[in-house]
Amino acid sequence: MRKYRGNPWAVLIVVSLGFFMTLLDLTIVNIAIPNMIQKLSASLDGILWVINSYALVLAVLLITAGRLGDLRGQRRLFIIGVVIFTIASAACGFSPTVGWLIAFRAVQGVGAALLVPGSLAIISAEFDERSRGRAIGTWSAATAILAAVGR
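Just so we're clear, the structure is a prediction, and the values are computed from it rather than from any experiment.

Remarks on the packing of aromatic side chains
Right, so step 1: Under the defined criterion, the tally for this structure stands at four aromatic pairs.
Right, so step 2: When the centroid spacing of 6.3 Å and the interplanar angle of 65° are considered together, the rings of Tyr 54 and Phe 85 count as edge-to-face. With Tyr 54 in helix α3 (residues 44-72) and Phe 85 in helix α4 (residues 74-93), this residue pair connects regions lying 31 residues apart in the sequence.
Right, so step 3: Residue class for Phe 85 comes out buried when judged on its relative accessible area of 4%.
Right, so step 4: Taking 5.6 Å as the distance between ring centres and 25° as the angle between the ring planes, the aromatic pair formed by Trp 100 and Phe 104 counts as stacked. On the criterion of helical spacing, the pair formed by Trp 100 and Phe 104 is a turn pair, its members being four residues apart in helix α5 (residues 98-126).
Right, so step 5: Residue Phe 104 is classed as partly exposed on the basis of its relative accessible area, which comes to 22%.

Procedures and definitions
In every chain, residue numbers begin from 1 and rise along the written sequence. For a predicted model such as this one, the threshold for reporting local features is a pLDDT of at least 70, and the threshold for listing and counting side-chain atom pairs is 80 or more; totals across whole chains, interfaces and linings nevertheless cover every residue. Calculated side-chain values reflect all of the structure's heavy atoms, with hydrogen atoms and water omitted. The aromatic pairing rule takes the rings of Phe, Tyr and Trp, using the six-membered ring of Trp, and pairs them if the centres are within 6.5 Å, calling planes under 30 degrees apart stacked, those over 60 edge-to-face and the rest tilted. A helix here means a DSSP run of H or I that spans at least four residues, while a strand means a run of E at least two residues long, and both kinds are numbered starting from the N terminus. Classification of residues uses two cut-offs on accessible area relative to the type maximum, computed with a 1.4 Å probe and protein chains only: under 20% is buried, over 50% is exposed, and between them is partly exposed.

What follows is the structure, given as structure tokens:
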């Protein structure tokens, strides 16, 4: 089997941005609450489900997705997670009702659960022992800064 290798620092950037998307999506919907109430005629219960459906599905599937990544390949699951997350994000933008928005946010949670556990595993596989600590530190700092900026 031929193994494809790229610039590990470029891989770090891609993995960090993927992880950042999942963190940002936990909080970014709060900005749209007034718009959802007005345009979708959403109740408070509906808004709470929009916010929590993503986090709930992400939390429930995180460990299972990590194990699935161990079995099927972290990179493959990371890519599948990004694709699912992106398609579900577009679907959220076109949701005609709050019910559809809740469903698509749950699908976003599935995508996030697939890509989150693989991010550190990909970094560990991509970097040698000498630079792995610096890479993980950079990943941690970048995602923390980006998450703070996204709020």
